[in-house]
Amino acid sequence: MCDIIWCKDCDTVNYLDPYYFWNWEGKIKCAGCENVYYIYMIQGHMYKGPEKKPGEKEDILPVYADKPNEGYEEILPGTEGKTRPYNCLPRHIYLGEADMVKFSARGRPVRGWRPQPPSTGVAGSCGFTWDIQKLSPEVWEEYQEKVKKGEVGDW
Amino acid sequence: MKDQRVTRIEDLPGPKSQGELEEMKMPYEEWCRKVFAPGQEKTKPESLKGIRWLSTTMYIFTPHSVANLAELGAECIKIEMPRMGDPMRHTSPFNECYLYPLHDSRPMTGTGLGFTNANSNEYYITMDYHVDEMKEAFYRLVKLSDGLTECYRPGTFDRWKQSYRYLQELNPRFIYVWGGGFGYGPKVFGGSYDILGQAHAGLASVTGFHEDFGGHCTKHSNWCIDWYSGTQITVAMLAALYWRRKTGLGTMIEFSQVQAATRCLGYAAPLYGRFGIVRQRWGNWDTQLCVHGIILCGKSDYPDEANPQLKYEARYVVVSAFNDPDFKELCAIVGRNDLWDQYKTLQDRVKPEAQMVIYKALEDWAADKTRSEVVKTLTDAGLLAMPVMNDKEVYESEHFRQRGTIRWLDDPVFGDVLIHSGYSCGLMSKTPRRVNWIWRPVGADNVKIYHEMLGYPMSQVEQWYEKNLI
Amino acid sequence: MAQKIREVEINSREDTLPLMGPDVRPYPVTPPPSQEEVAAVYARRKAEEFGKWCEDNLRIDYAAAKPEALQGVRVLSCGQWRMGHKFGAGLLGELGAEVINVEPPEGDPLRKLTPFGREEYMLEDKNGDKCGLDFIHELRNAYSVTLNLETEKGRELYTKLAEHADILIEEYPPGYMDELGIGYRQLSQINPRLVYCWIGEHGQWGPMKDKVSKFGQWMLDPFGQAACSFIHNTGFPEDLLPRGKGGDPTQSGVWFADYVAGEQTAVGALAALYWRDEFSGEGQFIETTAAESLMDILDFDITWYGFNKSIKARTGGWDPNLNQYAWNPCKDGYMMIGGQTDRLWYRIGMCIERELPIFGRLIHEDPLLKEMAARNALQALTKTYTMTTMWLRNINRVEAEEKLMQYEIAAGPLLYIDEVAEFPHFKYRPWVNVLEDEEYGTLMYSESTTAYQMRTPGRVKWLGRPLGKDNAEIFMKYIGLGQSELRELKEQGVV
Ligand SMILES: [Zn+2]
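Residues numbered from 1 in each chain as written. Chains lettered and ligands numbered in written order. Predicted model: local features only at pLDDT ≥ 70, side-chain atom pairs only at ≥ 80, totals over all residues. Heavy atoms only, no water.

### Here's the deal with the overall build of chain A
So the rule is basically this: Working definition: helices are DSSP H or I runs of at least four residues, strands are E runs of at least two. Numbering for both runs from the N terminus. This radius of gyration counts C-alpha atoms alone. The globule rule is 2.2 Å times how many residues there are, raised to the power 0.38. Burial classes: relative accessible area under 20% of the type maximum marks a residue as buried, over 50% as exposed, and values in between as partly exposed (1.4 Å probe, protein chains only). Accessible surface is estimated by sampling points in the Shrake-Rupley manner with a 1.4 Å probe; for residues, cover comes only from the protein chains shown.
What chain A contains, in helices and strands, is two helices and nine strands. When the helices and strands of chain A are read in sequence order from the N terminus, they spell out β-β-β-β-β-β-β-β-β-α-α. What you see for chain A is a C-alpha radius of gyration of 25 Å, clearly larger than the 15 Å of a compact globule of 155 residues, by over 25%. A buried classification covers 48% of the 155 residues belonging to chain A. Put simply, chain A shows about 7,600 Å² of open surface, and 49% of that area lies on carbon and sulfur atoms.

### A closer look at the packing of aromatic side chains
The test is simple: Planes of paired rings set the category: under 30 degrees apart is stacked, over 60 is edge-to-face and the rest tilted, where pairs are Phe, Tyr or Trp rings (Trp by its six-membered ring) whose centres lie within 6.5 Å. Placement of a positive charge over a ring is assigned whenever Lys NZ or Arg CZ falls within 6 Å of the ring centre and within 35 degrees of the normal to the ring plane.
A full pass over the atoms with the stated rule returns 62 aromatic pairs over all chains. Between Trp282(B) and Phe116(C), the aromatic rings sit 5.0 Å apart at their centres with planes inclined by 85°, giving edge-to-face as the arrangement. In this pair, Trp282(B) sits in the loop between helix H10 (268-275) and strand E9 (292-296) while Phe116(C) sits in the loop between strand E2 (98-103) and strand E3 (123-124), so the two residues belong to two different chains. Overall, Trp282(B) belongs to the buried group, its relative accessible area being 13%. Ring pairs connect the aromatic residues Tyr28(B), Trp31(B), Phe36(B), Tyr184(C), Tyr196(C) and Phe285(C), which therefore count as one cluster. The cationic tip of Arg401(B) hangs over the ring face of Tyr395(B); the distance from NZ or CZ to the ring centre is 4.8 Å. If you follow Arg440(B) out to its NZ or CZ, it ends over the ring of Phe128(A), 3.6 Å from the centre.

### Some words on empty space enclosed by the protein
All names here are of chain B. For clarity, the cut-off: With a 1 Å grid spanning the protein atoms alone, the term cavity applies to any set of points in which a 1.4 Å probe fits but cannot get out, the term pocket to an open set with protein on both sides within 12 Å along at least five of seven lines, and the term lining residue to any residue with an atom within 4 Å of a point. Grid points are joined across faces, edges and corners, and a volume is the space filled by probe spheres set on the points. Amino acids outside the nonpolar list (Ala, Val, Leu, Ile, Met, Phe, Trp, Tyr, Cys, Pro) and the charged list (Asp, Glu, Lys, Arg) are all regarded as polar, and Gly is one of them.
With the rule as written, the count across this model stands at 11 cavities of 30 Å³ or more. Put simply, the largest cavity is a space of about 420 Å³. As for the largest cavity, its lining consists of 25 residues, and the residues nearest its centre are Arg83, Pro101, Leu102, Asp104 and Val442. Residues belonging to the lining of the largest cavity are distributed by class as follows: 10 nonpolar, 11 polar and four charged. Each pocket or cavity is described by its volume, and for the second largest cavity that value is around 210 Å³.

### Some words on the coordination of the zinc ion
Residues and elements named next belong to chain A. What counts here: The donor definition counts N, O and S atoms within 2.8 Å of each metal and applies 3.2 Å to Na, K and Ca; water is not among these atoms, so some sites may look incomplete. Any coordination sphere not matching a tetrahedral pattern (four donors, all angles between 85 and 135 degrees) or a square planar or octahedral pattern (four or six donors, opposite donors over 155 degrees apart, other angles between 65 and 115) is reported as irregular.
All of the protein donors around the zinc ion are Cys7 (SG), Cys10 (SG), Cys30 (SG) and Cys33 (SG); their distances to the metal are 2.2 to 2.4 Å. Bound by four donor atoms, the zinc ion shows angles of 98 to 115° at the metal and therefore tetrahedral coordination geometry. Mapping the donors of the zinc ion onto the primary sequence yields the spacing C-x2-C-x19-C-x2-C. Across the pair, exposure class does not vary: Cys30 and Cys33 are buried alike.

### Some words on the interface of chain B and chain C
To keep things clear, this is the line we draw: Only heavy atoms matter for contacts: two residues are in contact if any of them lie within 4.5 Å across the pair. Two parts lose some accessible area (1.4 Å probe) when they are put together, and adding that loss for both gives the buried area. Every case where a carboxyl oxygen of Asp or Glu lies within 4 Å of a side-chain nitrogen of Lys or Arg is listed as a salt bridge. N or O atoms within 3.5 Å of each other form a polar contact, as long as, within protein, one can give a hydrogen and the other can take it, and as long as residues adjacent in sequence are counted only when both atoms are side-chain atoms. Strand pairing is assigned whenever DSSP detects at least two bridges linking the two strands.
Contacts between chain B and chain C engage 204 residues on the former and 201 residues on the latter. Together chain B and chain C conceal approximately 18,100 Å² of surface at their shared face, both sides included; 64% is due to carbon and sulfur atoms. For Arg263(B), the salt bridge is made with Glu94(C), and the minimal N-O distance between the two is 3.3 Å. Here chain B is connected to chain C by 105 residue pairs in polar contact (both at pLDDT 80 or more). It is helix H8 (residues 224-247) of chain B that provides the largest number of residues to the side of chain B that touches chain C, a total of 15 residues. Across the side of chain B that touches chain C, the residue classes break down as 102 nonpolar, 66 polar and 36 charged. Of the pairings in the sheet, the one linking strand E14 (residues 427-428) of chain B to strand E8 (residues 284-289) of chain C comprises two bridges and is antiparallel in character.

### Section: the pairing of strand E4 (residues 36-42) of chain A
Residue and element names in this part refer to chain A. Extensive coverage of E4 is indicated by the burial of five of its seven residues. Pairing of strand E3 (residues 24-29) with E4, which is carried by six bridges, proceeds in the antiparallel orientation. Bridging from a neighbouring strand, Ile28 pairs with Tyr37 of E4. Taken together, E3 and the strand that follows it, E4, pair antiparallel across an intervening segment of six residues. Following E4, the chain reverses through two residues before pairing antiparallel with strand E5 (residues 45-52); Gln43 in that reversal takes a positive phi of roughly 50°.

### Details of the confidence of the model for chain B
Inclusion rule: The pLDDT value expresses, per residue, how confident the predictor is, ranging between 0 and 100.
For chain B, per-residue confidence averages 94 on the pLDDT scale, and 98% of positions sit at 70 or higher. The ipTM for the predicted assembly is 0.96, set against a pTM of 0.96.

### Section: the domain arrangement of chain A
Cut-off, in case you're wondering: Per the annotation, domain bounds derive from an automatic or database assignment of domains.
By domain assignment, chain A separates into domain 1 (4-75) and domain 2 (101-149). Using only C-alpha atoms to locate each centre, domain 1 of chain A and domain 2 of chain A end up separated by 49 Å.

### Quick word on the interface of chain C and chain A
Each partner contributes to the interface: chain C provides 45 residues, whereas chain A provides 41 residues. Buried surface at the junction of chain C and chain A, summed over both partners, amounts to about 3,700 Å²; 64% is from carbon and sulfur atoms. There are two salt bridges connecting chain C and chain A. A salt bridge links Lys383(C) to Asp66(A); its shortest N-O distance comes to 2.5 Å. Summed over the shared surface of chain C and chain A, the result is 17 residue pairs in polar contact (both at pLDDT 80 or more). Contributing elements (two or more residues each) for the side of chain C that touches chain A: helix H13 (301-308), strand E9 (325-330), helix H15 (357-364) and helix H16 (378-392) of chain C. No other element matches the nine residues that H16(C) contributes to the side of chain C that touches chain A.

### Comments concerning the pattern of salt bridges
With the rule as written, the count across this model stands at 80 salt bridges over all chains. Among the ionic pairs, Lys29(A) bridges to Glu34(A), the shortest N-O distance being 3.8 Å. For Glu439(C), the salt bridge goes to Lys469(C), with nearest N and O atoms at 3.0 Å. One end of the pair, Glu439(C), is in the loop between strand E12 (432-437) and strand E13 (441-446); the other, Lys469(C), is in the loop between E13 and helix H20 (471-479), with 30 residues separating them in the sequence. The exposure class assigned to Glu439(C) is buried, which follows from its relative accessible area of 13%.

### Remarks on the domain arrangement of chain B
For an interface, size is often stated in terms of accessible area lost upon the parts coming together. According to the domain assignment, chain B contains domain 1 (14-39), domain 2 (52-262 + 415-466) and domain 3 (292-396). One C-alpha centre belongs to domain 1 of chain B, the other to domain 3 of chain B, and the line joining them spans 38 Å.

### Things to note about the nonpolar core
Spelled out, the test is: We define a nonpolar core as any set of buried Ala, Val, Leu, Ile, Met, Phe, Trp, Tyr and Cys residues linked to one another through side-chain atoms lying within 4.5 Å.
With 314 residues, the main nonpolar core has Tyr228(B), Tyr450(B), Tyr158(C), Ile167(C), Phe256(C), Trp327(C) and Trp391(C) as its most contacted residues. Ranked by the residues each element gives to this core, the list is headed by H8(B), at 14 residues. Beyond its immediate stretch of four places on either side in the chain, Ile167(C) contacts Val73(C), Arg74(C), Val75(C), Leu76(C), Leu92(C), Leu194(C), Val195(C), Cys197(C), Ala269(C) and Leu273(C). Formed by 30 residues, the second largest nonpolar core is a distinct cluster that contains Val319(B), Val350(B), Ala361(B) and Phe116(C).

### As for the sheet that holds E9(B)
All names here are of chain B. Basically, it comes down to this: In this analysis an axis means a line fitted to C-alpha atoms, helices contributing only their contacting stretch, and an angle means the value between N-to-C directions, from 0 to 180 degrees.
Strand order in the open sheet formed by three strands is E9-E10-E11, with antiparallel pairing between adjacent strands. For this open sheet the edge positions go to E9 and strand E11 (384-387), each flanked by a neighbour on one side alone. The mean angle between the axes of side-by-side strands here comes to 25°, regardless of whether they run parallel or antiparallel. Here E9 runs beside strand E10 (residues 316-320); their pairing, made up of five bridges, is antiparallel.

Written out as structure tokens, the structure is:
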């Protein structure tokens, strides 16, 4: 009926992402249970299906699904056996939240963590220095250690 | 007064000294290194010394038009809304990279990397300029500056009595730029983003794989069209400065980002206009040359790396052999001399049916090879090919390091930052571009500008700040 | 209205081409909105007075009667194949510079290129020579002269022309001109005020500098696009579209890196001119490359690697930094919708929910989607755009745009060039315009982006140029070559 499959057996909504499935025929497994559905989509419309195919092997898994009636419980991309992995990411681990970084890729201090100490400038003004040794002595210490260990490079 | 009977060496063409003579004889590459001298930018003058420009801009498109000036040595002042700042400060890829300054009231709010490179070298002040109380300060800035770039909805600055209609009275030399999506006309109030420009202007319709191959229209990475359009504003601004030198008069420039994306469509408009043919997308191949495209190789160059961008994606190669001898050689290398027999002219091979056969043959050949094997085989044979490079490879490229177009910057406020902008816009032998700092915190230069430049007493500045006007 | 009936016989596609020309199918097909209609738009936001001021001062219709910003700047442009020098010189030419394009006697090979090799899409000049549309469209307001730089005489004439130039934009393989004795090193001795710009793909020096193949073939875009990570970062991920069917790194549909290099060359050249005239009287040497100038505008991509070793991945028609901010398929194409702040996010949602109630249930009520930054997570993008497309698949682009405009959402259809040409705002400006060219007849083209100015607007005077059309004038004017000498040089293959 549409490009979600709301499986009545396990009350899970499987999202059929618009590009992959825009024109697609095949079998997709529900992320919440073992149901396999045959679908045939043309221009984003369900031309045939979803039709349960008990005992048949699926062609693909959804990339994301959730359970709106159970507090929108998420079945995230790459949940084994349930959703297909999403590989095209900038790293092998997906963060989705601020990465608190104290050192750059070459090991020198960069102000990528919070909170930082309060400012003292008038009207929010600020000079052209970052006295890290005074403001964040622990990061400065850590940096000295890194220098000693040879973890700080030019590139 | 020069004695006309004497021939002086400095009046003759050619080298004037031993040093210059040696320079003339130097191997070309060595000489290029010497004249551009990456890393020595600060020992040379700035092109736009003495120009002062105001930037009441947001996002990427209009800020970039001013950042170009700032990198060329103009003094640029970015004006942001008090406390909030440019909305671009709140964007960061997948919400994960922020830099945090000293804070006054929002210790948990940093500036996202989405803000990077768009406002380098500028001074940052805050002003709620639609409040009457700030009008005088705004006008003072206008009187002391050469120009301004703004991006508000048309009519907004006019309502606040700071459109060009008003400002040209204060400063007839003033150059005023409005940049936005559409400009005067039926969609004048239509908002715009980079992606809207790409979609609206026809650029997206020619980018990506054709639907017959299963593909969809594809967005140019990130906000390319915003940046690209911003640079064209800079061209117009510099031309206006040139004309002002002669006449003493400023101007107003209205620039539409959506239009700029139509400008780079090449033959699309004339082809449609004359023949009614609508240009389509053609994926990773070229509509006018073959072989000149990107092929997929069977194996990644880094099968054991954890990062999926290395493990799965390092498999694409640009192959270019469109001239007859190049194509002939390529056919021989991939063991398909029959293709050469079949497609002996460019006109033969550039036909869609031929391209499908030829690129398939290349990918079949590459199916059991890694990307670097393919590149090596082809370049060893004297043909043109290169890997499709990713961010890591670009960072590690010795080429860009030597040229100074990627470099680490010890930012005065944020510390160690890698930059790939500014220096990369073009090397200049005598007045090179430079990046002094990536950006500054919201309002970081309020005292410097309001007090030191415009002469307002400190108490006034503090009072404005408390009232949230700056 | 009675329509004229024409006798037409169509046996092949070629027979249809004469039926499509501007004489039988004038542009625009339907007239643009009238100024009165547009005035009503301004009035809706109480900007009638300002709107009128803009129309009176900025309209392109008045451009031709205004002065030109770069009048008196002389630009020599000399290159082959690529767009960089043509676009860079074209931007300066639109703003009033005098542009002289130097080609070898056999012409820039780009003249011979035409989509899919179709000669019927090339245009004939009055001499009967055919020229491809890319070349015609990008060579703007330029004079065409020919010189064989492989001959000593050709180099001598080139040098003499360069003596008169303010800006020279050259696009040949690295060191080629220097070896011939007509590079910056030599020309700056003769004309120290010359601003000399070189454009290439990767550079004229350095480990990855531009190469030619052993048979002499040049590197062209996308070598620039590939070297800066642009291609790697563009296209659909394999997870959203199968690899080999669009789920691959994707190049721009145009030679985009060349265009970016061209515009930055124009910026560099004008800045250098400013410094020359204001301070020093000296010219200089500028080197711009497609790879680096495109890299300059890749946002934070390389910076991100320096931050935590991330390698940007491609995301197709979506954006990993903003939600909603994407185009997705709809009934008759693709629809772009943007608006990420809470205010805009819920407005988009209200518009969709009105017709697709389940959107409210699955999107608005989901607690995970209530926070702006969290909406950029991958799963949030997948969910949002799946649901949005459920709405879009039932409606056309125009309908979607109308509905979203009621909620003041920045939304727009993804348009093809025929639709671009007929889009009301585009034809009102007009951004796709037509001019009657002396040589090639009525041409449709993308209008100059700098044409909307109060005092010194840019303008397109002519497009393309027959090869060597201006030899006689230019060589007489700047070098003093007479007719008979020119004839001799032609026989010697110099021009
Ligand atoms: Zn189920």
